[in-house]
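Residue strings, one per chain:
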Amino acid sequence: IMKKSILNAINSINSTDEMNEVIELIKIKQKQLRAIKAQGVKSSLFVGVQVKLNSKNGVEFGEVTKINRSKAVVRIDGKLWNCPLGMLEVA
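Notes on the structure follow. (Residues numbered from 1 in each chain as written. Predicted model: local features only at pLDDT ≥ 70, side-chain atom pairs only at ≥ 80, totals over all residues. Heavy atoms only, no water.)

### A look at the overall build of the chain
When helices and strands are tallied, the chain shows two helices and five strands. In the chain, the order of α-helices and β-strands from amino to carboxyl end is α-α-β-β-β-β-β. Dimensions of the chain along its principal axes, counting C-alpha atoms only, are 55 × 25 × 20 Å. Here the chain, with 91 residues, has 19% of them falling under the buried criterion. Considering only contacts within the chain whose residues lie at least 6 apart along the sequence, 30% involve residues at least 24 apart. For the chain, the accessible area works out to roughly 7,200 Å², and carbon and sulfur atoms hold 57% of it. (Helix = DSSP H or I, 4+ residues; strand = E, 2+ residues; numbered from the N terminus. Buried < 20%, exposed > 50% of the residue type's maximum accessible area, 1.4 Å probe, protein only. Contact = heavy atoms within 4.5 Å. Areas by Shrake-Rupley, 256 points an atom, 1.4 Å probe, with all protein chains shown as cover.)

### Topic: the pattern of salt bridges
Evaluation of the coordinates by the stated rule reveals two salt bridges. We note a salt bridge from E24 to K27, for which the minimum N-O separation is 3.8 Å. Residue E24 and its partner K27 are located together in helix α2 (residues 16-44), separated by three residues, close to a single helical turn. Among the ionic pairs, K52 bridges to E89, the shortest N-O distance being 3.8 Å. Taken together, the residues K52 in strand β1 (residues 50-55) and E89 in strand β5 (residues 88-90) connect sequence positions 37 residues apart. By relative accessible area, which is 46% here, E89 ends up partly exposed. (Salt bridge = Lys/Arg side-chain N within 4 Å of Asp/Glu carboxyl O.)

### Side note on the sheet that holds β5
In a beta sheet, neighbouring strands pair by backbone hydrogen bonds and run either parallel or antiparallel. Read from one edge of the open sheet, five strands run β4-β3-β2-β1-β5, paired in antiparallel fashion. Edge strands, defined here as strands with exactly one partner in the open sheet, are β4 (79-84) and β5. Across the sheet, the mean angle from the axis of one strand to that of its neighbour is 45 degrees, orientation sign disregarded. Where β1 lies against β5, three bridges are found, and the strand directions are antiparallel. Within β5, the position partnered with L53 by the bridge is L88. (Pairing = 2+ DSSP bridges. Axes fitted to C-alpha atoms, helices over the stretch in contact; angles between N-to-C directions.)

### Some words on a nonpolar patch on the surface
On the surface, a nonpolar cluster with roughly 370 Å² of combined accessible area is contributed by M2, I6, L7 and I10. Inspection of the secondary structure puts I6 in helix α1 (residues 4-11). A relative accessible area of 43% means that I6 is categorised as partly exposed. (Patch = residues over 30% accessible without salt bridge, like charges linked within 9 Å, V, L, I, M, F, W, Y side chains within 5 Å.)

### Side note on the pairing of β1
The side chains of a regular strand alternate, residue by residue, between the two faces of the sheet. In the sheet, β1 pairs with strand β2 (residues 58-67) via six bridges, with the strands oriented antiparallel. Paired with V51 across the two strands is G62, which belongs to β2. The loop that links β1 with its antiparallel partner β2 comprises two residues.

Read these as geometric descriptors, not functional statements.
Spelled out as C-alpha cells, the structure:
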C-alpha cells in the first residue's frame, strides 16, 4: 500500500525536469536494493548448493557450479545458465 506522503510528493511534481530527477533517484535506490539482496544471496551460496529460481518456464531448480561477482552459473537439466544472484534462492 502506497503511503499518503509518497502520493502527496508525487502529486507535487510540477515539471518534467522534476519528474526526471525523481525517476533517476528511484533508479539509484532500486539499484541499491538489488545490490543488497544480491549480497545476501551471495553470502548463502557455494558451489554445489541447490537453488531455485523463477523463470519464464515457472519455478526451476538447479545446482550452482560457479559464483561470479554479480551472477552465478547454474546447471539446470544438464544445461549451464548465467543467472543474476537476485533471481536465486537456496532450495
